[in-house]
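Commentary on secondary and tertiary structure
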Amino acid sequence: MEGTAGGEVMYVDRVGFDKSNDPVTDPDLVIFDFNGKNSWWGDVAIVEDAATSADGTAYGHINLVEAGGDWQSLFFRNGSDNFPTSLSGEDPGNFVFKFDIQVNKPIEQGEIKFRLKGDTGDFFYLYGPTSPAGETIAATSGWVTVTVEMSEFKDAFGTGTNSPTDIGDLGGEFGAAFTFQGGTTALDFYIDNVRFERK
């Protein structure tokens, strides 16, 4: 998984093949941009530095040294604030979930848990070396975009069999946490433009 210099965002699939530049196609479907659509709680810091940004605007920075624990809140909101409830009734299979990330230090333990919770369920996508898929998160040389099928969000804290059936319902609580799965690790990564995108 490798980005490019100058803040250019590259698309990579879950196994890490760079494909093409992947800008935000619909700002209304962005749920965190750290430039107005911010976190209400968690350890994210907002950085305003166009030189290191993915798109010239503010972004989030997670920087925790030798952290550990079962649940470390990174960024969250609730109450459907700035959530695309207009997608209510839409088939999740017509959308993907995306986020832009620059990993400054490899993540060698634990997993990022992206959460989407609503009346129809509480769903998680697990991203990291101790997730069911066992994906390592290697350091990148720039920003990359990770694309996730909505069917990869699962109930039972990400290990269940059920996936979302209504995207517009999932704004009850949404964001990301980190679980260390019994170990400790240093976290240092930038994140931006957490979003849905229509296929």
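Bear in mind that the values here come from a model prediction, so they are computed numbers and not experimental data.

This part covers the environment of Ser163. With respect to the secondary-structure elements, Ser163 resides in the loop between helix H1 (155-158) and strand S11 (173-179). Residues Ser163 and Tyr125, 38 residues apart in the sequence, show an inter-C-alpha distance of 9.9 Å. If sequence neighbours within four positions are ignored, Ser163 has contacts with Phe123, Met150, Ser151, Phe153 and Lys154. Of note is the side chain of Ser163, whose polar atom sits 2.9 Å from the backbone oxygen of Ser151.

What the rule picks out here adds up to eight salt bridges. Two residues, Arg77 and Asp81, come together in a salt bridge whose shortest N-O distance is 3.0 Å. Residues Arg195 and Asp100 are paired through a salt bridge, measuring 3.2 Å at the closest nitrogen-oxygen approach. Taken as a pair, Arg195 in strand S12 (residues 184-198) and Asp100 in strand S7 (residues 95-103) lie far apart in primary sequence, 95 residues in all. Given a relative accessible area of 1%, Arg195 falls into the buried group. For Asp100, a relative accessible area of 2% gives the class buried. The network of salt bridges with shared partners includes Arg115, Asp122 and Glu173.

Now for the nonpolar core. In terms of nonpolar packing, the biggest core is built from 40 residues, with Phe75, Phe97, Phe99 and Phe114 touching the most fellow members. Setting aside anything within four residues of it in sequence, one finds Phe99 in contact with Phe114, Tyr125, Tyr127, Val144, Thr145, Val146, Val148, Ile191, Asp192, Asn193, Val194 and Arg195.

On to the pairing of strand S9 (residues 121-127), then. Counted residue by residue, S9 has six buried out of seven residues, so it is predominantly covered. Note that strand S8 (residues 111-118) and S9 share six bridges and pair antiparallel. Across the sheet, the residue bridging to Ile112 is Tyr127, located in S9.

Now for unusual backbone geometry. The backbone of Asn82 shows a phi angle near 50°, a positive value even though the residue is not glycine. What makes Asn82 partly exposed here is its relative accessible area of 40%. We note that Ala156 has phi near 55°; this positive angle belongs to a residue other than glycine. Looking at where Ala156 falls in the secondary structure, it is placed in helix H1.

Okay, the pairing of S8 next. Counting buried residues along S8, seven of its eight residues qualify, which places the element largely inside the surrounding structure. Across seven bridges, the pairing between S8 and S11 is antiparallel. Within S11, the position partnered with Glu111 by the bridge is Thr179. In textbook terms, the turn of a hairpin is the stretch between consecutive antiparallel strands, and for S8 and S9 this stretch comprises two residues.

What counts, and where the lines are drawn
Residues numbered from 1 in each chain as written. Predicted model: local features only at pLDDT ≥ 70, side-chain atom pairs only at ≥ 80, totals over all residues. Heavy atoms only, no water. Helix = DSSP H or I, 4+ residues; strand = E, 2+ residues; numbered from the N terminus. Contact = heavy atoms within 4.5 Å. Polar contact = N/O pair within 3.5 Å; in protein donor to acceptor, adjacent residues only side chain to side chain. Salt bridge = Lys/Arg side-chain N within 4 Å of Asp/Glu carboxyl O. Buried < 20%, exposed > 50% of the residue type's maximum accessible area, 1.4 Å probe, protein only. Core = buried A, V, L, I, M, F, W, Y, C linked by side-chain atoms within 4.5 Å. Pairing = 2+ DSSP bridges.

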